[in-house]
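Architecture and fold: a report
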Amino acid sequence: MESSLWKTPSTALSPGSGDMARRALKLASWTGMALAASGFFLYSNKYLDPNDFGAVRVGRAVATTAVISYDYLTSLRSVPYGSEEYLQLLSKVHLRSARRLCELCCANRGTFIKVGQHLGALDYLLPEEYTSTLKVLHSQAPQSSMQEVRRVIREDLGKEVLVLAVKQLFPEFEFMWLVDEAKKNLPLELDFLNEGRNAERVAQMLKHIDFLKVPRIYWELSTKRVLLMEFVDGGQVNDRDYMEKNKIDVNEISRHLGKIYSEMIFVNGFVHCDPHPGNVLVRKHPGTGRAEIVLLDHGLYQVLTEEFRLDYCHLWQSLIWTDMERVKKYSQRLGAGDLYPLFACMLTARSWDSVNRGISQAPVTATEDSEIRNNAANYLPEISQLLNHVPRQMLLIFKTNDLLRGIEAALGTRASASSFLNMSRCCIRALATHKKKSTCSSFRRAQISFSEAFNLWQINLHELILRVKGLKLASWILAFLCWLLPTPY
C-alpha cells in the first residue's frame, strides 16, 4: 500500500463502468418481466402488501441501479472530463440519482430506509447532492398509518384507550421497521422489549454522564411489538440553526457525543449502532438549562467481545500517539492483513500521510476532505476485500464511526483534537481496568493505578497546551493591558 492512499486520480466514472451498467440493465429486464406477471395479483389483493415479497424490493433496487448507471454513462459520455460543463452536468446527474435512490428507499422501506439514513449522514464522503436529498429520511421517513398502529396496539394490549395516550405522548408516533424483510433480517431490532432493555441498560451503564438523557420505558404498556416511552422534545443533533436559536454550543455537543460513544465502545463494549441525526436530539435541560443529548432508537446494539474491545483500544491509542508499528500490529490482529494502511484510513477518515504525521497533531483540512471524497471510489475492491476479512463486530463499528463523523462534519467540529483526547482517556481507563483484573498482586495494581493517573495527567496537560496555543495573541495583550491600565471612573 503506497503512502499516497486516497490521493490517486479519480476513476469513479471510468469507461469500464459501462459493463456494470449493461449487466444491470440486462438483469433488470428479465426481473421486470418476472415481476410483471405477479404484480396485478399482489396489488389487487387487499390482504397482501407487495413489500412482503423480497423479490419486489430486489426488482426495484436492480431497476433503480440500472437507471442510475445508465444516466451517468450516457449523460457524461460526450462532455470533456473536468470541464466546467462536465462539473455542472455531473451535479445534475448526482441530484437526479439521489432523488431516485430516495424514492427507492421510501418504496422499499425497512432496511432500505436505514441504508438511506446512513448515506444521508456521510457529508464528509458523498457528494452534497446525495446527502442533502437523503437527509429527509432522518426525520420524514415513511410512516405507518394510525390504522396500522392501532391494529398492533389492539392485538397486543387489547386497549383502545392506549391509542389516545399514544397520541398525547407521541404526536408523530411511528414504526418504521414493521415490514417482513426487517423482521427476518433484524429480529432483535424489532423486538421492542429488547429495545427497552437496551435503553435501560445503557441508561444505567452511563448514569454518571449527566448530559445524557435516555427516555424512560413504560413496561406495563409495552410488548414485543409496542414500546411506550417517555416523550422528549429536542432538535436534531446536526441542526445548527436550532442550536444557535436555543444558545447551545455546537462544540460542547460534539465533545459530549464523543464522550458518550467513547465510553460505550472502549470502556463498556456495548454500543448504540444507529446514531443518525434523527436518533440523536439536543435540548436545554428543563430544570438546569444545561445542554443535553437525547439518545433514541435502542434496537440495534453491538456487544463487543473482550478481546476485540482491548485490541481496538490498543489500535486507537497507537493511532492517536502515532506508533506506526503498533498500528500495523493491532490492525492485523483485527483482520486487516496487508491492507492495514487502508484500514487505518477508513477508521480515521484521514489520508495515510495524515495518519503517519499524527491524526491528533494535524487537523482535518478542506483539501484532505475533498481528496478523500473524490478518490474513495478508487479503493472499492480493496475496501470490499477488507470488509470480508474483519470481524463482524467491526462492520457495525464502521457504520457507527461513519454516522458520528457525518454529525461532526455537519456541525463543523471535525478539526477539533478534543475528540481524540477523550477517546485516549477512555482507552487508558479500559486497559488499566483490564490489567488490574488480570493480576492478584496489590503492588502491581498500585503500579497500574499510578501509571493510569500519570497518563491521564499527561493528556490533561496536552489538552491545556492545545487550548493555550489556540488563544489569539491579541487576546492575551488586551487582557494584560486591561489589567495594567484599569479603566478610570
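These notes cover the structure that comes with them. Predicted model, so just to flag it, every value in this text is computed and none were measured.

**Brief notes about the overall build of the chain**
The helix and strand tally for the chain stands at 22 helices and six strands. Residue burial in the chain is summarised as follows: out of 489 residues, 47% are buried. Pairs at least 24 residues apart make up 71% of the contacts formed inside the chain by residues separated by at least 6 positions. As displayed, the chain has an accessible area near 25300 Å², and 58% of this comes from carbon and sulfur atoms.

**Some words on the nonpolar core**
By size, the foremost hydrophobic cluster in this structure holds 73 residues, and its most contacted members are Ile253, Ile260, Phe266, Tyr312, Trp316, Phe343 and Met394. Once residues within four sequence positions are removed from consideration, Tyr312 is found in contact with Ile265, Phe266, Leu334, Leu347, Met394, Ile397 and Asn401.

**Some remarks on the packing of aromatic side chains**
This model, assessed by the stated rule, comprises seven aromatic pairs. Seen in terms of ring centroids, Phe266 and Tyr312 are 5.6 Å apart; in terms of plane orientation they differ by 15°. Their pairing is stacked. Taken as a pair, Phe266 in helix α12 (residues 250-268) and Tyr312 in helix α13 (residues 306-320) lie far apart in primary sequence, 46 residues in all. Comparing Phe266 with Tyr312 shows no difference in burial state: the two are buried. Centre to centre, the rings of Phe343 and Phe398 are 5.9 Å apart; their planes meet at 85°, and the pair counts as edge-to-face. Here Phe343 is found in helix α15 (residues 340-348), whereas its partner Phe398 is found in helix α19 (residues 392-411), with 55 residues between them in sequence. A residue is classified by how much of its surface remains accessible, and Phe343, at 0% relative accessible area, is buried.

**A word on the side chain of Asp297**
The topology assignment puts Asp297 in the loop between β5 (291-295) and β6 (301-303). On the basis of relative accessibility, which here comes to 8%, the residue Asp297 falls in the buried class. Reaching out from Asp297, the side chain makes a polar contact with the side chain of Asn279 at a distance of 3.2 Å.

**Re the packing of α12 against α19**
Close contact between α12 and α19 brings their axes to 10 Å; oriented N to C, the two are set at 170°. With respect to α19, the element α12 is oriented roughly antiparallel. Where α12 abuts α19, its residues Val250, Ile253, Ser254, Leu257 and Tyr261 lie against Thr400, Leu404, Ile407, Glu408 and Leu411.

**A word on the pattern of salt bridges**
Under the criterion given, the structure shown has 13 salt bridges. Across the pair Glu230 and Lys213 runs a salt bridge whose closest N-O atoms are separated by 3.1 Å. Separated by 17 residues along the polypeptide, Glu230 in the loop between β1 (212-213) and β2 (235-236) and Lys213 in strand β1 bring together distant segments of the chain. A relative accessible area of 24% places Glu230 in the partly exposed class. A salt bridge links Asp402 to Arg405; its shortest N-O distance comes to 3.6 Å. Highlighted residues: Asp402 and Arg405, both in helix α19, separated by three residues, approximately one helical turn. Each member of the pair, Asp402 as well as Arg405, carries the same accessibility label: buried. Salt bridges linked by common partners bring Asp71, Arg96 and Arg100 together as one network.

**Some words on the sheet that holds β2**
As summarised here, the arrangement of the four strands in space is β1-β5-β4-β2, forming an open sheet in which the pairing is mixed. Among the strands making up the open sheet, the edge pair consists of β1 and β2. The sheet contact formed by β1 and β5 spans two bridges and is parallel. Its bridge partner lying in β5, Leu212 is registered against Ile293. With respect to the sheet, α12 is in contact with β1, β4 (280-284) and β5, its orientation differing from that of β5 by roughly 45°.

**Comments concerning the side chain of Gln302**
For Gln302, the location among the structural elements is in strand β6. When residues no more than four places from it in sequence are discounted, the contact partners of Gln302 are Gly269, Phe270, Val271, Cys273, Arg392, Gln393 and Leu396.

**Some thoughts on α19**
Here α19 spans 30 Å end to end across 20 residues, near enough to the 28 Å set by a 1.5 Å rise per residue. Across the 20 residues of α19, 15 count as buried, placing the element largely inside the fold. Within two residues after α19, Gly412 carries a phi angle of roughly 70°, on the positive side.

Criteria and thresholds
- Residues numbered from 1 in each chain as written.
- Predicted model: local features only at pLDDT ≥ 70, side-chain atom pairs only at ≥ 80, totals over all residues.
- Heavy atoms only, no water.
- Helix = DSSP H or I, 4+ residues; strand = E, 2+ residues; numbered from the N terminus.
- Buried < 20%, exposed > 50% of the residue type's maximum accessible area, 1.4 Å probe, protein only.
- Contact = heavy atoms within 4.5 Å.
- Areas by Shrake-Rupley, 256 points an atom, 1.4 Å probe, with all protein chains shown as cover.
- Core = buried A, V, L, I, M, F, W, Y, C linked by side-chain atoms within 4.5 Å.
- Phe/Tyr/Trp six-rings, centres within 6.5 Å; stacked < 30°, edge-to-face > 60°.
- Polar contact = N/O pair within 3.5 Å; in protein donor to acceptor, adjacent residues only side chain to side chain.
- Axes fitted to C-alpha atoms, helices over the stretch in contact; angles between N-to-C directions.
- Parallel < 35°, antiparallel > 145°, perpendicular 65-115°, else oblique.
- Salt bridge = Lys/Arg side-chain N within 4 Å of Asp/Glu carboxyl O.
- Pairing = 2+ DSSP bridges.
- Expected span 1.5 Å × (residues − 1).

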